[in-house]
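What follows is the residue order along each chain.
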Amino acid sequence: MSLAIGVESSSSKSKSDMGFDENKEEGKKGKENQEGRKPEGAEEEEEVVETGGRIERKQSESSICDVTEDEDESDVEPKIELGPQFTIKQQLEKDKDDESLRKWKEQLLGSVDINAIGETLEPEVKILSLAIKSPGRPDIFLPVPESGNPKGLWFTLKEGSRYSLNFTFQVNNNIVSGLKYINTVWKTGVKVDSAKEMVGTFSPQLEPYTHEMPEETTPTGFFARGSYTAKTKFVDDDNKCYLEINYTFDIRKDWQEN
């Protein structure tokens, strides 16, 4: 939820340019599409298939976060080509004679009940709670909307205030690799900030995980105050989206008491 407008964020920033060369490339790709040829770099769909006893992965449309018209391609992590996916039981069976690998897997999995997990390939990540923390202030608890679109103004921040986002989440079924937080902010239709934060790799467990984002400071001044729209996404290395939230918030001269 980076709001450091015009200031380098503590999260990794996405690059932007005037896009003249990019427009040429897009025109070239569009021409190729009209001629029935696949653009260079186009990805295949992914599905899990079993061939000769070996499990392989192909790209699935339903698990991919699409780039909308409001986002640059730089706002979406490039897809990482991963090897075959395995269930937890299959992971433990692999390299079981290698003591160092076995210990590393046991440490990663912790107290996972292997029998309770079953043979599910796809991990499940559920965001349980979101809160904004600011020194000397009560936490602002944000209800997680099932639709992904909170109604009306979601929260208000004071200009020049320090804040951080804290969230809890639960992982089920399988290990989630490279869970990331991606946030994009617009003001009057112009993108003013984009931030990405690697959360990490997590094994399934009954207890929720908690993660706190690096502390940031809201901008100050007449032009900083006002209403903003934002999109927050939680994705993994497969670019599978577990939660997408589209919302509005305000930056004002002072905190708004509930």
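Residues numbered from 1 in each chain as written. Predicted model: local features only at pLDDT ≥ 70, side-chain atom pairs only at ≥ 80, totals over all residues. Heavy atoms only, no water.

(A) Broad picture of the overall build of the protein chain. Broken down by element type, the protein chain carries four helices and 13 strands. In the protein chain, which comprises 258 residues, the proportion classed as buried is 38%. Residue pairs at least 24 apart in sequence account for 73% of intrachain contacts in the protein chain once pairs closer than 6 positions are excluded. In the structure as shown, the protein chain presents an accessible area of about 15,400 Å², 48% of it carried by carbon and sulfur atoms. (Helix = DSSP H or I, 4+ residues; strand = E, 2+ residues; numbered from the N terminus. Buried < 20%, exposed > 50% of the residue type's maximum accessible area, 1.4 Å probe, protein only. Contact = heavy atoms within 4.5 Å. Areas by Shrake-Rupley, 256 points an atom, 1.4 Å probe, with all protein chains shown as cover.)

(B) Region of the structure containing the confidence of the model for the protein chain. A residue-level look at the protein chain finds 56% of positions with pLDDT of 70 or above and a mean pLDDT of 74. Scored below 50 in pLDDT, residues 5-36 makes 35 contacts in the model with residues more than four places away or belonging to other chains. Under a pLDDT of 50 for its full length, residues 41-63 has, in the predicted model, 41 contacts with residues more than four places off or in other chains. (pLDDT = per-residue confidence, 0-100.)

(C) Representation of the packing of aromatic side chains within the structure. Scanning the model with the defined rule gives 13 aromatic pairs in all. On the numbers, 5.9 Å between centres and 40° between planes, the contact of phenylalanine 167 with phenylalanine 169 is tilted. Like phenylalanine 167, the residue phenylalanine 169 is buried in the burial classification. A centroid spacing of 5.1 Å and a plane angle of 70° characterise the contact between phenylalanine 167 and phenylalanine 234, whose relative ring orientation is edge-to-face. With a gap of 67 residues between them, phenylalanine 167 in strand 7 (residues 162-172) and phenylalanine 234 in strand 12 (residues 226-235) connect regions that are remote in the sequence. Looking at phenylalanine 234, the relative accessible area reads 0%, which means it is buried. A network of ring pairs unites the aromatic residues Phe167, Phe169, Tyr181, Phe202, Tyr209 and Phe234 as a single cluster. The side chain of lysine 187 reaches across the aromatic face of tyrosine 228, ending 5.6 Å from its centre. (Phe/Tyr/Trp six-rings, centres within 6.5 Å; stacked < 30°, edge-to-face > 60°. Lys NZ or Arg CZ within 6 Å of the ring centre and 35° of its normal.)

(D) Representation of the nonpolar core. Leu130 and Phe169 are the most contacted members of the largest nonpolar core, which totals 32 residues. Going through the elements one at a time, strand 4 (124-133), strand 6 (153-158), strand 7, strand 8 (176-187), strand 9 (190-202), strand 12 and strand 13 (241-252) are the ones with two or more residues in this core. Sort the elements by how many residues they give to this core and strand 13 lands first, with six residues. If we ignore the near neighbours within four places in the chain, the residues touching leucine 130 are Ile140, Phe141, Leu142, Val144, Trp154, Leu165, Asn166, Phe167, Phe234 and Ile245. (Core = buried A, V, L, I, M, F, W, Y, C linked by side-chain atoms within 4.5 Å.)

(E) Geometry of the pairing of strand 4. Bridge count between strand 4 and strand 7: nine bridges; the pairing is antiparallel. Paired with glutamate 124 across the strands is asparagine 172, a residue of strand 7. Two successive antiparallel strands, strand 4 and strand 5 (residues 140-142), enclose a turn made up of six residues, where glycine 136 displays a positive phi of approximately 80°. (Pairing = 2+ DSSP bridges.)

(F) How the structure looks around the environment of serine 164. As for its placement among the helices and strands, serine 164 is situated in strand 7. Contact partners of serine 164, with chain neighbours within four places excluded, come to Ala131, Ile132, Lys133, Glu212, Met213, Pro214 and Glu215. Engagement of the side chain of serine 164 in a polar contact is seen with the side chain of glutamate 212, the distance being 2.8 Å. (Polar contact = N/O pair within 3.5 Å; in protein donor to acceptor, adjacent residues only side chain to side chain.)

(G) Up close: unusual backbone geometry. At asparagine 173, a residue that is not glycine, the phi angle is positive and equals roughly 75°. Here asparagine 173 is to be found in the loop between strand 7 and strand 8.

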